[in-house]
Amino acid sequence: MTTSAATRDDLVAMATFPLTRPGENTVPIRMQTEHLAAVESNLDQRGVPAEIVEKYFLGLHRCDELPLELWIGMITDAYNLATATAAAPSYVAALAIEGSSYLRCGQ
């Protein structure tokens, strides 16, 4: 598994639909949910274990409508943490998974 960090543009490109309503700069919950499904599918295809994805992305499933830049930043960070954890030695990954329970939407 490669561990090169994804950029914000990489994560935006995973959405096959507009993330915001026309003329607005916030991401509605429905678009967040659809974007998360696309990103989680990408992680699954890359071989990232489901328990790692769940730990880093669970809090994102409960977000309110968010500004686009905040949403993209949060999902990019979660994606990069998940891929780095999956590539780490198992004892390091276990520590990271345990500690990720403190990462939650907007906190």
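Just so we're clear, the structure is a prediction, and the values are computed from it rather than from any experiment. Each chain carries its own residue numbering, running from 1 in the direction its sequence is written. Local features in this predicted model are restricted to residues of pLDDT 70 or higher, and side-chain atom pairs are both shown and tallied only at a pLDDT of 80 or more, whereas totals for entire chains, interfaces and linings draw on every residue. Processing note: side-chain calculations cover all non-hydrogen atoms of the structure and skip hydrogens and water entirely.

### What about the pattern of salt bridges?
Here, a salt bridge means any side-chain nitrogen of Lys or Arg that lies within 4 Å of a carboxyl oxygen of Asp or Glu. Counted under the stated rule, the structure contains four salt bridges. Taking the shortest distance from any N to any O, the salt bridge between Arg-8 and Glu-69 comes out at 3.0 Å. Placement of Arg-8 in helix α1 (residues 8-13) and of Glu-69 in helix α4 (residues 68-87) is noted, with a sequence separation of 61 residues between them. The exposure class of Arg-8 is partly exposed, given its relative accessible area of 39%. The buried label applies to any residue whose accessible area, calculated with a 1.4 Å probe on protein chains only, is under 20% of its type's maximum; exposed applies above 50%, and partly exposed to all values in between. Residue Glu-69 is classed as exposed on the basis of its relative accessible area, which comes to 51%. Residue Glu-34 is joined to Arg-30 by a salt bridge in which the shortest nitrogen-to-oxygen separation is 3.0 Å. A residue pair is termed a helical-turn pair when its members lie 3 or 4 positions apart in one helix, as Glu-34 and Arg-30 do in helix α2 (residues 29-45) at four residues. Overall, Glu-34 belongs to the partly exposed group, its relative accessible area being 29%. Given the relative accessible area of 61%, Arg-30 is considered exposed. Secondary structure elements are taken from DSSP: a helix is a run of H or I of four residues or more, a strand is a run of E of two residues or more, and numbering for both begins at the N terminus.

### Side note on the side chain of Thr-85
Relative to the assigned elements, Thr-85 resides in helix α4. In terms of polar contacts, Thr-85 uses its side chain to reach the backbone carbonyl oxygen of Leu-81, at 2.7 Å. Definition of a polar contact: a pair of N or O atoms within 3.5 Å, with one able to donate and the other able to accept a hydrogen when the atoms are protein atoms, and with sequence-neighbouring residues admitted only if both atoms are side-chain atoms.

### Considerations on the packing of helix α3 (residues 50-57) against α4
Close contact between α3 and α4 brings their axes to 9 Å; oriented N to C, the two are set at 150 degrees. Between α3 and α4, the angle is such that the two are roughly antiparallel. You can see that α3 and α4 cross each other, and the crossing is right-handed. Note on element contacts: α4 touches α3 through Ile-75, Ala-78, Tyr-79, Leu-81, Ala-82, Thr-85 and Ala-86, opposite Ile-52, Tyr-56 and Phe-57. Among the residues forming the contact of α3 with α4, the class breakdown is nine nonpolar, one polar and no charged. Interaxial angles span 0 to 180 degrees and are taken between N-to-C directions of axes, which are lines fitted to C-alpha atoms, for helices over the stretch in contact. Throughout, the term roughly parallel applies to angles under 35 degrees, roughly antiparallel to angles over 145, roughly perpendicular to angles from 65 to 115, and oblique to all others. Crossing chirality is assigned from the near helix's rotation relative to the far helix, an anticlockwise turn below a right angle marking it left-handed and a clockwise turn marking it right-handed. Here, residues are in contact when the closest pair of their heavy atoms is within 4.5 Å. We call Asp, Glu, Lys and Arg charged. Ala, Val, Leu, Ile, Met, Phe, Trp, Tyr, Cys and Pro are nonpolar, and the rest, Gly among them, are polar.

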